[in-house]
Amino acid sequence: MFRHALRRSAWTLVQLAALSVMVFLLTDLLPGDAATVDFNEQAGLEQVARLREQMGLDRPVAERFADWAHGLLTGDLGTSLVGGTPVREVLSASVPVTAVLAAVTLVLLVPLAVGVGLLTGLREGSRTDRVVSAVTLTLTSVPDFVLALLLVGVFALRLGWLPSTWVGADDGWWRRPELFVLPVVVLLARTVCVLSRQIRAGTVTALHAGYAVQARRLGVPPARLVLRHVLPNAAVPGVQELARTGDQLLGGVLVVEAVFAIPGTATALVEAVQNRDVPTVQALTLTLAAVACLLNLVADLVSHRLAPRSEVLR
């Protein structure tokens, strides 16, 4: 286990290093820059060139990358080219919103998906299995923005039970739990369906495995068989799917943030791209990529711990 964790951690560090290079090069290829955005079409070339020199955008790519990499290693994410504020402040204003939204969703997602997956997997072919499978397939087919608009139309506009937007709650969103209800429901709808289907498939496979058949033959109680033998093996594909789900949630889920006007990372990233605020784009993108790598690392280690024989031998 220790060697596996060490090897996977080293590979994650290599991924982060490669991602940092890719993020810098790709953002450098964005058409235009903050200097051209600041001026309108009537601005002279000398004004644009002077502003590019002030922002340091006229320096060679290698020199700018060296400064950026040094800043990453020392914890300095740079300064926004548009607002002039440290990029760290931009992250501190947007990341907590998305992180809390993702955390609430994940806390509800895990027990719901595991419960639904076990319920349908243990009753394979039953009426419950068929009904739940039909519902999950339907919800998976509905786009997020369609579901979000339907929920807003019914529960916010028609019934007036819940707020339809986060506008006006920028400074006190943590004191208004009702703001999270509709966005969390939209995020849960698809993710619960996908994750529960993974758990169901793993449960069915584990129930028909040789060790489960032998355990039933030896008289192992059903509850112990499910909790000690079936669930750990059924959870392996679910853990990997949960890591991918976490990537999407921590990415901000642009559609949900756009519909509900949530000031999260996706909204901040779109604004930074529109303004060609390269340091902010780089910091946000690399933060999301680092979280994705760490989530996949944790998922791999948990999967290996639950079912060590599931590891692919190299």
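Caption draft 1: Fine view of the side chain of Thr12. Considering the arrangement of structural elements, one finds Thr12 in helix H1 (residues 2–28). Residue contacts for Thr12: discarding those within four places in its chain leaves Cys293 and Leu297.

Caption draft 2: The arrangement of the packing of helix H7 (residues 144–158) against helix H8 (residues 181–207) in detail. Look at H7 against H8: their axes get within 10 Å of each other, and the N-to-C directions meet at 140 degrees. By the angle class used here, H7 and H8 are oblique. Crossing angle aside, the handedness with which H7 passes H8 is right-handed. In contact with Asp144, Leu147, Ala148, Leu151, Val152, Phe155 and Ala156 of H7, H8 contributes Leu182, Val185, Val186, Ala189 and Arg190.

Caption draft 3: Highlighting a nonpolar patch on the surface. Together, Val100, Val104, Val107, Leu108 and Leu112 give the surface a local cluster of nonpolar side chains, amounting to about 380 Å² of exposed area. Following the sequence through the fold, Leu112 ends up in helix H5 (residues 87–122).

Caption draft 4: Just unusual backbone geometry, in detail. One non-glycine residue, Ala261, lies in positive phi territory at about 55 degrees. Turning to its location among the elements, Ala261 is positioned in the loop between helix H11 (254–260) and helix H12 (265–274). A relative accessible area of 32% means that Ala261 is categorised as partly exposed.

Caption draft 5: Spatial organisation of the environment of Val186. Mapping Val186 onto the fold places it in helix H8. The class of Val186 is buried, set by a relative accessible area of 1%. The spacing of Val186 and Ala148 is 38 residues in sequence and 6.0 Å in space, taken between C-alpha atoms.

Caption draft 6: Layout of the packing of aromatic side chains. Under the defined criterion, the tally for this structure stands at two aromatic pairs. Aromatic side chains Phe24 and Phe65 sit 5.2 Å apart centroid to centroid with 70 degrees between the ring planes, which places their arrangement in the edge-to-face category. Of this pair, Phe24 sits in helix H1 while Phe65 sits in helix H4 (residues 61–74), and the two are 41 residues apart along the sequence. Looking at Phe24, the relative accessible area reads 3%, which means it is buried. A relative accessible area of 25% places Phe65 in the partly exposed class.

Caption draft 7: Representation of helix H6 (residues 127–141). The first and last C-alpha atoms of H6 sit 21 Å apart over 15 residues, in line with the 21 Å expected at 1.5 Å per residue. All buried positions along H6 are accounted for by Asp129, Thr136 and Thr140. Projected down its long axis, H6 shows its buried positions confined to an angular sector of 40 degrees, all on one face. In H6, the exposed positions angled more than 90 degrees off the buried face are occupied by Arg127, Arg130, Thr138 and Ser141. At its buried positions, H6 is contacted by H5 and H8.

Caption draft 8: Fine view of the pattern of salt bridges. On inspection of all chains with the given rule, the structure shows two salt bridges. Here Arg190 makes a salt bridge to Asp144, at a shortest N to O gap of 3.4 Å. A residue pair is termed long-range when its members are at least 10 positions apart, and Arg190 in helix H8 and Asp144 in helix H7 qualify at 46 residues.

Caption draft 9: Local environment of the confidence of the model for the protein. On average, residues of the protein score 77 in pLDDT, and 81% of them reach the 70 mark or higher. Between the elements of the protein, mean pLDDT differs from a low of 56, seen in helix H2 (residues 34–38), to a high of 87, seen in H7. Counting contacts from residues 310–314, a segment whose pLDDT is below 50, to residues more than four positions away or on other chains yields five contacts.

Caption draft 10: Region of interest: the nonpolar core. Formed by 26 residues in total, the largest nonpolar core has its most connected members in Trp166, Leu182, Val256, Phe260 and Ile262. Elements supplying a minimum of two residues to this core: H5, H7, H8 and H11. Here this core takes eight residues from H8, the largest share from any one element. Each residue touching Val256, except ones within four places of it in the same chain, is listed here: Pro183, Val186, Leu187 and Ile262. Counting residues in each nonpolar core, the second largest holds six residues, with Ala206, Leu207, Ala212 and Leu225 among its members.

Reading the values: the criteria
- Residues numbered from 1 in each chain as written.
- Predicted model: local features only at pLDDT ≥ 70, side-chain atom pairs only at ≥ 80, totals over all residues.
- Heavy atoms only, no water.
- Helix = DSSP H or I, 4+ residues; strand = E, 2+ residues; numbered from the N terminus.
- Contact = heavy atoms within 4.5 Å.
- Axes fitted to C-alpha atoms, helices over the stretch in contact; angles between N-to-C directions.
- Parallel < 35°, antiparallel > 145°, perpendicular 65-115°, else oblique.
- Left-handed = near helix turned anticlockwise from the far one by under 90°.
- Patch = residues over 30% accessible without salt bridge, like charges linked within 9 Å, V, L, I, M, F, W, Y side chains within 5 Å.
- Areas by Shrake-Rupley, 256 points an atom, 1.4 Å probe, with all protein chains shown as cover.
- Salt bridge = Lys/Arg side-chain N within 4 Å of Asp/Glu carboxyl O.
- Buried < 20%, exposed > 50% of the residue type's maximum accessible area, 1.4 Å probe, protein only.
- Phe/Tyr/Trp six-rings, centres within 6.5 Å; stacked < 30°, edge-to-face > 60°.
- Expected span 1.5 Å × (residues − 1).
- Arc of directions from axis to C-beta.
- pLDDT = per-residue confidence, 0-100.
- Core = buried A, V, L, I, M, F, W, Y, C linked by side-chain atoms within 4.5 Å.

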